[in-house]
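Breakdown of the fold
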Amino acid sequence: MPALDGILEAANAPQQDGQITFPPVTRDHILHCSYDYWFPKYRTSCIRSRVIPLSREFISYIREDGIILADDEPGNENDSDDDDDWEPTVPSSEIPAPPRNPGDADNDSDSDDEDSTPAKLPPNKRFPDLHNAINAAIKALGGAAAPKLNWSSPKDATWISRHPNTVKCTSANDVYILLKSSSFISHDLDHAFDDCVPSTTTTPQSPSSTAAAAQAQQQQPQGFTPVLVLRSFFSPLPSLEFRCFVKDRNLIAITQRDLNYYAFLRSLRPAIIARCRELFNTKLKYTFPDSSFVFDVYIPEAAYRSDSESDDDETSEARSRLARARLIDINPWAPRTDTILFGWEELLEAEVKMPVLGTAESTPEKKEETVRLRFSATGAAAAAAAGGDDNFTEPEEEDDNEQNHFDDDETTTDDEHEEEYEVELRLVEQDDPAAYNFSSPQYSAHKMPKDVVDASMAGEGGMREFAREWQRLQEQRGGGSSS
Ligand SMILES: Nc1ncnc2c1ncn2[C@@H]1O[C@H](COP(=O)(O)OP(=O)(O)OP(=O)(O)O)[C@@H](O)[C@H]1O
C-alpha cells in the first residue's frame, strides 16, 4: 500500500503554479481498479460476472492482425435474435483486422512469440480450454454477455459487432471480434500503467486468484494477469448511468454519464443521490484500498408490481422509484478518468469537511473477507464502526441458473430525506451546450472510415490498394508522403 505520509502530502497539494497537480498515480492505484481485484469484494452489488484469466497465447491472438474465428460454431445455438444472419464477409472464418493504433506497435512485446505461433489455428484448436471456458461462461450467464478486460470494455468496436451497436456476445467468436477490433482493449494490454510512478509496495494477488491465475501472472510480460470479464448482458438505460467521485472517503460529486438531456431525471435527483450514497456508504467507503477513486453505477428502475393496491398517483410514484444502485466499474483518481460534467480542477480543489485518509487493507485469502483499516485520526471512529459490518462479507456461491442480471434484486428503503446532502449531482440541463456535440455516436474518433473497413475486409491486397490510393491523394494535395 502507498505510504500514508505520501497520500497526505499529495492530498494537500492539488495545485502548483496554476497547473492542476494530481496526487501521484501508482501501479497499485491502477491495479486496485482492475475488475478481478474489486469484483470479489463487491460481488453482491455488481452485475453477474465471470472472470477468466487469459493465457499468453490468447493475448498474442488478440494482438495479431487478422481475425481467425473458431470453426466450431455451426448454428450458434444461443442466438435467437434477428441479427443471426450476420456472416463474416471473408469465408473460412478469417477476417483481416482493422489497422491497430500507430502507438501500439512499439509495445508489442509478444511479437517474437507471434512469429513462432504454430500456423494460424482457429481459437478452438489454438487455446481450446479457454475457448470452451468462454462459451461455458456465456451460457452460464444466460446466453448473452458483455465482455471487458481488466479495465476497459470494447465499446469503441460495436460497429463491427454482429449485434449492431452493442457489446452483446452470444458466443466466443463474438468476444474475439470485439476484443481484436478495439483500441480500448489494446490500451489495457499495452498502456495500463502509462504515467504511473513506481509503487513502494506490491498489491496482493486479487482475492479471486487461483493457482492458475498466479501462474498466468508470472508468465505475463505486462506485470499483471490479463483477465476476460464477462457480464450478464442487459440493456441499460443510458439515462440511469452515473459516475461518482470519492475524495478522502467522501462522496463529493455525481455526474450523468450519457450526455443527453432527460427531463425526468430532475424529479429523481434526491433518489439518485440516495442510491449512490447508499452503495458508497454500505459497501465502498471503508473497504476500497484507496481513499480517493471514481466509481460508476447503474440504477435500475424498481420493479413495478401489478398487484399493487395503489391508486393512480401512488402507482406513478412507485414507477418512478429507483432500485438500489449497481456497481459497474471503479476508476482511478487520475487524469485518465473522464470527469464528464465536472472538471478535474474543481474536484481536486473541492474541500472535504471530514476527510478520512489512509488505506484499507484486506486479507484476500479468506472467503469471508476481513477488512483491516488504517486511518488518520478523523477516520478512526468510522473505521471502528465498519469493522464488524456483515455487509462486507462475501455471499455464498452464485446460482448459475438464476436469470437475473444482478445477484439479487431487492429494492431499497426510501432514504431520500436523509440529512446529509453535500454531494453535488450534475445533470445535463435543457439547452445545455454540453449536450450539443453528442448527437453523433460516441467513440466515433475510434471508428474506421468505411473505406478502411472495406479495404480491411478485402484482405492484404485490399489494404495495399487502399494505401496506394491514400498516398496518391496525399500527393495530389501536396501533402507529400504519408505513412
Ligand atoms: N452487462 C452489461 N450489459 C450491457 N451493457 C453493459 C453491461 N455492462 C456495462 N454495459 C455498458 O457498457 C458501458 C461501459 O462499461 P464499463 O464502464 O464497464 O466500461 P469502461 O470501458 O470501463 O468504460 P469507461 O472507460 O467509460 O469507464 C456501460 O456504461 C454500460 O452502458
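Calculation criteria
Residues numbered from 1 in each chain as written. Predicted model: local features only at pLDDT ≥ 70, side-chain atom pairs only at ≥ 80, totals over all residues. Heavy atoms only, no water. Near = heavy atom within 4 Å. Polar contact = N/O pair within 3.5 Å; in protein donor to acceptor, adjacent residues only side chain to side chain. Areas by Shrake-Rupley, 256 points an atom, 1.4 Å probe, with all protein chains shown as cover. Helix = DSSP H or I, 4+ residues; strand = E, 2+ residues; numbered from the N terminus. Nonpolar A, V, L, I, M, F, W, Y, C, P; charged D, E, K, R; others polar. Buried < 20%, exposed > 50% of the residue type's maximum accessible area, 1.4 Å probe, protein only. Axes fitted to C-alpha atoms, helices over the stretch in contact; angles between N-to-C directions. Parallel < 35°, antiparallel > 145°, perpendicular 65-115°, else oblique. Contact = heavy atoms within 4.5 Å. Pairing = 2+ DSSP bridges. Phe/Tyr/Trp six-rings, centres within 6.5 Å; stacked < 30°, edge-to-face > 60°. Lys NZ or Arg CZ within 6 Å of the ring centre and 35° of its normal.

Notes on the site of the ligand
Lining the immediate environment of the ligand, one finds 19 residues, of which Lys155, Ser232, Glu241, Arg257 and Asp329 sit closest. Phenylalanine 234 is positioned such that a nitrogen or oxygen atom in its backbone is 3.1 Å from a nitrogen atom of the ligand. Protein contact buries 84% of the 620 Å² of open area that the ligand shows by itself. Elements supplying a minimum of two residues to the shell around the ligand: strand S6 (145–148), strand S7 (227–232), strand S8 (241–247) and strand S11 (326–332). Here the shell around the ligand takes 3 residues from S11, the largest share from any one element. Across the shell around the ligand, the residue classes break down as 7 nonpolar, 4 polar and 8 charged.

A short note on unusual backbone geometry
Unlike most non-glycine residues, asparagine 165 shows phi in positive territory, near 60°. Mapping asparagine 165 onto the fold places it in the loop between S6 and helix H8 (172–181). By relative accessible area, asparagine 165 is classed as exposed at 61%. One non-glycine residue, arginine 249, lies in positive phi territory at about 60°. Position of arginine 249 relative to the elements: it lies in the loop between S8 and strand S9 (250–256). A residue is classified by how much of its surface remains accessible, and arginine 249, at 0% relative accessible area, is buried.

Examining the packing of helix H7 (residues 128–140) against H8
Interaxial distance between H7 and H8 falls to 9 Å at its minimum, and their mutual angle equals 105°. By the angle between their axes, H7 is roughly perpendicular relative to H8. When H7 is examined against H8, the residues His131, Ile134, Asn135 and Ile138 are found in contact with a partner set consisting of Ala172, Val175 and Tyr176. A breakdown of the residues in the contact of H7 with H8 according to their chemical character gives 5 nonpolar, 2 polar and no charged.

Looking at the sheet that holds S6
Strand order across the open sheet formed by 3 strands is S3-S7-S6, with antiparallel pairing between neighbours. The open sheet has two edge strands with one neighbour each: strand S3 (49–53) and S6. For this sheet, the mean inter-axis angle between neighbouring strands, taken without regard to orientation, is 20°. Here S3 runs beside S7; their pairing, made up of 5 bridges, is antiparallel. Following the sheet pairing, arginine 50 is matched in S7 by leucine 230. In the packing of helix H3 (residues 35–42) onto the sheet, the strands contacted are S3, S6 and S7, and the crossing angle to S3 comes to about 145°.

Considerations on the packing of aromatic side chains
Applying the stated rule across the entire model yields 20 aromatic pairs. Considering the side-chain rings of tyrosine 35 and tryptophan 38, the 4.5 Å spacing of their centres and the 55° angle between planes classify their relative orientation as tilted. Linking tyrosine 35 with tryptophan 38, this pair stays in helix H3, spanning 3 residues, or about one helical turn. One exposure class covers both tyrosine 35 and tryptophan 38, and it is buried. When the centroid spacing of 4.4 Å and the interplanar angle of 45° are considered together, the rings of phenylalanine 288 and phenylalanine 293 count as tilted. Considered together, phenylalanine 288 and phenylalanine 293 belong to a single accessibility category, that of buried residues. An aromatic cluster of three or more residues is present, and its members are Phe22, Phe245, Trp333, Phe342 and Trp344. Above the plane of the ring of phenylalanine 193 lies arginine 27, whose end atom (NZ or CZ) is 3.8 Å from the centre. For lysine 180, the ring lying beneath its charged end belongs to tyrosine 61, and the centroid distance is 4.6 Å.

Structural notes on the pairing of strand S10 (residues 293–298)
Where burial is concerned, most of S10 is hidden: 6 out of the 6 residues are buried. Burial along S10 is two-sided: Phe293, Phe295 and Val297 and Val294, Asp296 and Tyr298, pointing in opposite directions, are all buried. As paired elements, S8 and S10 share 6 bridges and run antiparallel to each other. The residue of S10 that forms the bridge with cysteine 244 is phenylalanine 295. Here 6 bridges tie S10 to S11, and the two strands are oriented antiparallel to one another. Note on S11: the bridge partner recorded for valine 294 is asparagine 331.

Section: the packing of helix H4 (residues 56–63) against H8
Taken N-terminus to C-terminus, the directions of H4 and H8 make an angle of 65°; their axes are 8 Å apart at the nearest point. Here H4 contributes Phe58, Tyr61 and Ile62 to the contact with H8, which in turn contributes Tyr176, Leu179 and Lys180. Counted by class, the contact of H4 with H8 contains 5 nonpolar, no polar and 1 charged residues.

Side note on H8
Note on helix geometry: an α-helix contains 3.6 residues per turn, so any two residues three or four positions apart are oriented the same way. When you tally the buried positions in H8, you get 10 out of 10 residues, the bulk of the element. Every buried residue of H8 is accounted for by Ala172, Asn173, Asp174, Val175, Tyr176, Ile177, Leu178, Leu179, Lys180 and Ser181.

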